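# Structural characterization, general
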Amino acid sequence: AQSVTQLGSHVSVSEGALVLLRCNYSSSVPPYLFWYVQYPNQGLQLLLKYTTGATLVKGINGFEAEFKKSETSFHLTKPSAHMSDAAEYFCAVSDPGSNFGNEKLTFGTGTRLTIIP
Amino acid sequence: NAGVTQTPKFQVLKTGQSMTLQCAQDMNHNSMYWYRQDPGMGLRLIYYSASEGTTDKGEVPNGYNVSRLNKREFSLRLESAAPSQTSVYFCASSPTRNTGELFFGEGSRLTVL
């Protein structure tokens, strides 16, 4: 079974500083990888995803993530934090070994990002 | 462009009561999902429907039933609510198989006393 680990349930950064949110997964088969963002009192929305090809993927709002197979990681970064980035971020992986193929996602426990003015 | 619509947004139940959470999507998606979100536990899949007329159990199906009424609608029913079912419930849909891209509703906050 797939699992996802997000290091740090809360991360605080100053406005303009680098944002780094960590995600590690366990899988014997390369999965699809996703980052979702949840703003207060809203549903989740897709930030970016990795399926195949280029390991550095760019998403919305200036975020990007790099798939590192050797480290089983998919960390999310943004060079310069903005106040509007304050939200909860979820890493998710597909389950290629399941009957659902790459359709059923397993989510991490989330990282709440706070931006300090 | 409504996307995924869930009703109700808030509900308070007493232990043992029943209720149905409704979900509808207007994006012509084939797959629909119900997740629950609890603090420190992320999102956990309750049930899943790959197409009209089919449903499958997810990670935490006990205490729930679902119905895929048609391509647009996917409802979640609690027959006898328990305090452990206090949670925020999210419905989601996906355009095609194997994309992993989910579109979420805004959530339904359920409290069971």
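Higher on the page you've got the structure.
Here is a short report on the structure shown in this document. Remember, predicted model here, so these are calculated numbers, not experimental data.

### A short note on the overall build of chain A
Across its full length, chain A holds 0 helices and 12 strands. Taking 2.2 N^0.38 as the reference for a compact globule, 117 residues should give roughly 13 Å; the C-alpha atoms of chain A span a radius of gyration of 14 Å, in line with that estimate. Referenced to the eigenvectors of the C-alpha coordinate spread, the extents of chain A come out at roughly 45 × 30 × 20 Å. Buried residues in chain A amount to 49% of all 117 residues.

### Focus: the interface of chain A and chain B
Taken together, the 21 residues of chain A in the interface contact 23 residues of chain B. Taking both sides of the interface into account, the surface hidden between chain A and chain B amounts to around 1,800 Å²; carbon and sulfur atoms contribute 54%. Between chain A and chain B we count 1 salt bridge in total. B:E101 serves as the salt-bridge partner of A:K49, at 3.7 Å between the closest nitrogen and oxygen. For the pair chain A and chain B, the interface holds 2 residue pairs in polar contact (both at pLDDT 80 or more). Mapped by element, the contributors of at least two residues to the side of chain A that touches chain B are β5 (33-38), β6 (44-50) and β11 (105-107) of chain A. Of the residues belonging to the side of chain A that touches chain B, the class tally is 9 nonpolar, 9 polar and 3 charged.

### Thoughts on the sheet that holds strand β3 (residues 19-25) of chain B
Residue and element names in this part refer to chain B. Taking strand neighbours across the sheet as the criterion, the 4 strands line up as β1-β3-β8-β7 in an open arrangement whose pairing is antiparallel. The sheet is open, and its two edges are formed by β1 (4-7) and β7 (64-68), each paired on a single side. Strand-to-strand twist across the sheet, computed as the mean angle between neighbouring axes with direction ignored, equals 15 degrees.

### A look at the packing of aromatic side chains
In this structure the tally under the stated criterion is 13 aromatic pairs over all chains. Here the aromatic rings of A:F107 and B:F104 are separated by 6.3 Å at their centres, their planes lie at 75 degrees, and the arrangement is edge-to-face. Here the residue A:F107 occupies a position in strand β11, and B:F104 occupies one in strand β10 (residues 103-104), the pair thus bridging two chains. Residue class for A:F107 comes out buried when judged on its relative accessible area of 7%. Assessed through its relative accessible area of 11%, B:F104 is described here as buried. An aromatic cluster of three or more residues is present, and its members are A:F34, A:Y36, A:F107, B:Y33, B:Y35, B:Y48, B:F90 and B:F104.

### Details of the state of the cysteines
All names here are of chain A. In total, this model carries 2 disulfides over all chains according to the counting rule given. At a sulfur-sulfur separation of 1.9 Å, the disulfide partner of C23 is C91. Between C23 and C91 the sulfur-sulfur dihedral comes to about -65 degrees; the bridge is accordingly left-handed. Pair noted here: C23 is in the loop between β3 (19-21) and β4 (24-26) and C91 is in strand β10 (residues 87-94), with a separation of 68 residues, a long-range link.

### Description of the environment of A:Q38
Mapped onto the elements, A:Q38 comes out in strand β5. Sequence-wise, A:Q38 and A:A86 are 48 residues apart; in three dimensions their C-alpha atoms are separated by 9.3 Å. Aside from chain neighbours lying at most four places away, what touches A:Q38 is A:G43, A:L44, A:A87, A:E88, A:F90, B:Q37 and B:F90.

Thresholds, definitions, all that
Residues numbered from 1 in each chain as written. Chains lettered and ligands numbered in written order. Predicted model: local features only at pLDDT ≥ 70, side-chain atom pairs only at ≥ 80, totals over all residues. Heavy atoms only, no water. Helix = DSSP H or I, 4+ residues; strand = E, 2+ residues; numbered from the N terminus. Rg over C-alpha atoms; globule rule 2.2 N^0.38 Å. Buried < 20%, exposed > 50% of the residue type's maximum accessible area, 1.4 Å probe, protein only. Contact = heavy atoms within 4.5 Å. Buried area = accessible area lost by both parts, 1.4 Å probe. Salt bridge = Lys/Arg side-chain N within 4 Å of Asp/Glu carboxyl O. Polar contact = N/O pair within 3.5 Å; in protein donor to acceptor, adjacent residues only side chain to side chain. Nonpolar A, V, L, I, M, F, W, Y, C, P; charged D, E, K, R; others polar. Pairing = 2+ DSSP bridges. Axes fitted to C-alpha atoms, helices over the stretch in contact; angles between N-to-C directions. Phe/Tyr/Trp six-rings, centres within 6.5 Å; stacked < 30°, edge-to-face > 60°. Disulfide = S-S within 2.5 Å.

These results come straight from atomic positions and should not be treated as a statement about function.
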